[in-house]
Amino acid sequence: MPARLPGAFKFNPLRLHGKQLHDFCTLKELPETYAWEPVDCHGHHSGDCGTTRVEPVPVVDLYDPNAERLIGHACKTWGAFQIINHEIPRRLLDDVESASRRLFSLPLRQKLRAARDPDGVTGYGPAPISSFFSKQMWSEGFTIFGSPLEHARQLWPSNYMRFCDIIEEYSREMQRLAGKLVWLMLGSLGITKEDIQLPGPEAGYREASAALQLNSYPACPDPDRAVGLAAHTDSTLITILHQNGTGGLQLFREGCGWVTVPPLAGGLVINVGDLLHILSNGLYPSVLHRAMVNRTRHRLSVAYLYGPPRDVLISPVSKVVEPGRVPLYRPVSWSEYLGIKAKHFRNALSLVRLCSHAHANGGVIDANVSDSCAR
Ligand SMILES: O=C(O)CCC(=O)C(=O)O
Ligand SMILES: [Fe+2]
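Taking an unreviewed UniProt entry as the reference, the protein is identified by name as gibberellin 3beta-dioxygenase belonging to Nepenthes gracilis. UniProt, in the comment section headed Sequence similarities (unreviewed entry), describes the protein in these words: "Belongs to the iron/ascorbate-dependent oxidoreductase family. GA3OX subfamily." In its Cofactor (unreviewed entry) section, the UniProt record describing the protein reads: "L-ascorbate".

Structure below.
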């Protein structure tokens, strides 16, 4: 028997964190536990908004001299965009995708050797947000926070270094890119290094914290009733997502509904997370997104979840709180915010919100609202 099996596994090998796990490739029909209620396109299931034509998610070329301005516009209107010319080698994107494929194609019993502990962050298991839903998601994940060495050893006792090397190189490159992107986003808000304490280029953005989430969405026998990853916002400053050639990511846009983000060869998707939402006083909203599945193709995605050093307090930067507006959020560190999100999920942002009467978009004070909001 492998070491470090979660207790539940020893008695019932295919259960984890109270959920029955399946080797997806053996299922010819969708079990009821995976069948979600269809709802209209403004709810949290169903596909695109029928025939509505919507503008596509913006694509920003990082070599474009106007990149900062274009990024600012995309953050304000979508809370997301795709990037090209980001200087992450195509070879590295392919490597991380095949490392991930190699992991998820292991038999379930073998993957469970690296299972996430019930209260832990790292390791293999259902999507971390699955505890908030009664239905199961048609996906599996592997979360890496810090070194993947211990888990990789359990998965491939005599051949684990290749996986670790790829993850290390990918994380290093992502950290540099994420740091650069965050500063472009802050720059587009007029925020400079004097205004905020966040890792900058001098230290190679090194003090930032981050996690890597590998996601696998196997082909599904009944995709219209299944959900790969339920709607959520990320608890990050930003997320950098690499999706393989199979689409499935959808963003929710007010007035349009769910919009699919088409895979762009060599492109990366950038999501505004809750912490940038707070920093920008809601000017750059964190984007609600989800992943859908399909009948024939195995979809993989790799999300780099980037945040500030864990104990740095994040609050609306005074420069973006214009006269006549108020800071909408109280200061919160990433570690505290993750705790709130883990408990309250969708209500987390509103629980750190200071003034419920001000408009969400930029904190404009409602003329009829009491003075207490204007403090
Ligand atoms: O797989 C995707 O497209 C989305 C993944 C995601 O949202 C996440 O890991 O937080
Ligand atoms: Fe996400």
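A. Just the sheet that holds strand β7 (residues 209–217), in detail. What the eight strands build is an open sheet, ordered β3-β4-β12-β9-β14-β7-β6-β5; its pairing is mixed. What marks the edges here is a single partner per strand, and that holds for β3 (59–61) and β5 (123–125). Averaged over all pairs of adjacent strands, the angle between their axes in this sheet comes to 25°, without regard to strand direction. Of the pairings in the sheet, the one linking β3 to strand β4 (residues 80–84) comprises three bridges and is parallel in character. Bridging across to β4, V60 finds its partner in I83.

B. A look at the coordination of the iron ion (ligand 2). Protein coordination at the iron ion (ligand 2) comes from H232 (NE2), D234 (OD) and H289 (NE2), with a distance range of 2.1 to 2.2 Å. Looking at H232, the relative accessible area reads 8%, which means it is buried.

C. Spatial organisation of the packing of aromatic side chains. Under the definition given, this model contains 10 aromatic pairs. Through pairs of rings, three or more aromatic residues link up here, namely W36, F132, F133 and F345. Here the guanidinium or amino end of R102 rests over the ring plane of W156, the centre of that ring lying 4.2 Å away. Its guanidinium or amino end placed over the ring of W78, R253 lies 4.4 Å from that ring's centre, counting from NZ or CZ.

D. Structural detail: the site of ligand 1. By nearness alone, 13 residues border ligand 1, and N215, Y217, H289, R299 and S301 come closest of all. In the model, an oxygen atom of ligand 1 is placed 3.0 Å from a nitrogen or oxygen of the N215 side chain. In this structure, an oxygen atom belonging to ligand 1 sits 3.0 Å away from a side-chain N or O atom of H289. Contact with the protein chains covers 94% of the free accessible surface of ligand 1, which is 290 Å². For the shell around ligand 1, the secondary structure elements donating two or more residues are β7, β8 (229–232), β13 (289–291) and β14 (299–307). Taken together, the residues of the shell around ligand 1 sort by class into six nonpolar, five polar and two charged.

E. Just the nonpolar core, in detail. F142, F163, I238 and I240 are the most contacted members of the largest nonpolar core, which totals 79 residues. Of all the elements, helix α6 (residues 161–188) adds the most residues to this core, at 13 residues. Apart from the residues within four sequence positions on either side, I238 is in contact with A178, L181, V182, M185, I270, N271, G273, L276, Y304, L305 and Y306. Among the nonpolar cores identified, the runner-up in size contains 20 residues, and L27, L30, A127 and F345 belong to it.

F. Region of the structure containing the side chain of Q213. Position of Q213 relative to the elements: it lies in strand β7. Here T143 takes part through its side chain, which lies 2.6 Å from a polar atom of the side chain of Q213. What Q213 contacts, discounting residues up to four positions off in sequence, is P128, G141, F142, T143, S301, V302, A303 and L305.

G. Expanded view of unusual backbone geometry. Positioned with a positive phi, N85 is a non-glycine residue whose angle comes to about 55°. With respect to the element layout, N85 can be found in the loop between β4 and α3 (90–104). By relative accessible area, which is 33% here, N85 ends up partly exposed. The backbone phi angle of E87 is positive, close to 70°, even though this residue is not glycine. With a relative accessible area of 46%, E87 lands in the partly exposed category.

H. Region of the structure containing the sheet that holds β13. The sheet built from four strands is open, its strands ordered β8-β13-β10-β11 with antiparallel pairing. Each edge of the sheet is formed by a strand with only one pairing partner; in this case those strands are β8 and β11 (257–260). Taken over all neighbouring pairs, the strand axes of this sheet differ in orientation by 20° on average, direction set aside. For strand β10 (residues 249–253) and β11, the ladder comprises four bridges, and the chain directions are antiparallel. Counterpart to R253 in the pairing with β11 is G257.

I. View of the packing of α3 against α6. Interaxial distance between α3 and α6 falls to 10 Å at its minimum, and their mutual angle equals 135°. It follows that α3 is oblique to α6 by the angle criterion. Considering only the axes of α3 and α6, their crossing is left-handed. Listed contacts from α6 to R91, L92, L93, D95, V96, A99, R102 and L103 of α3 are R162, F163, I166, I167, E169, Y170 and E173. For the contact of α3 with α6, the residue count by class is nine nonpolar, no polar and six charged.

Calculation criteria
Residues numbered from 1 in each chain as written. Chains lettered and ligands numbered in written order. Predicted model: local features only at pLDDT ≥ 70, side-chain atom pairs only at ≥ 80, totals over all residues. Heavy atoms only, no water. UniProt positions renumbered as here; feature names shortened; annotations may be inferred. Pairing = 2+ DSSP bridges. Helix = DSSP H or I, 4+ residues; strand = E, 2+ residues; numbered from the N terminus. Axes fitted to C-alpha atoms, helices over the stretch in contact; angles between N-to-C directions. Donors = N, O, S within 2.8 Å, 3.2 Å for Na, K, Ca; no water. Buried < 20%, exposed > 50% of the residue type's maximum accessible area, 1.4 Å probe, protein only. Phe/Tyr/Trp six-rings, centres within 6.5 Å; stacked < 30°, edge-to-face > 60°. Lys NZ or Arg CZ within 6 Å of the ring centre and 35° of its normal. Near = heavy atom within 4 Å. Polar contact = N/O pair within 3.5 Å; in protein donor to acceptor, adjacent residues only side chain to side chain. Areas by Shrake-Rupley, 256 points an atom, 1.4 Å probe, with all protein chains shown as cover. Nonpolar A, V, L, I, M, F, W, Y, C, P; charged D, E, K, R; others polar. Core = buried A, V, L, I, M, F, W, Y, C linked by side-chain atoms within 4.5 Å. Contact = heavy atoms within 4.5 Å. Parallel < 35°, antiparallel > 145°, perpendicular 65-115°, else oblique. Left-handed = near helix turned anticlockwise from the far one by under 90°.

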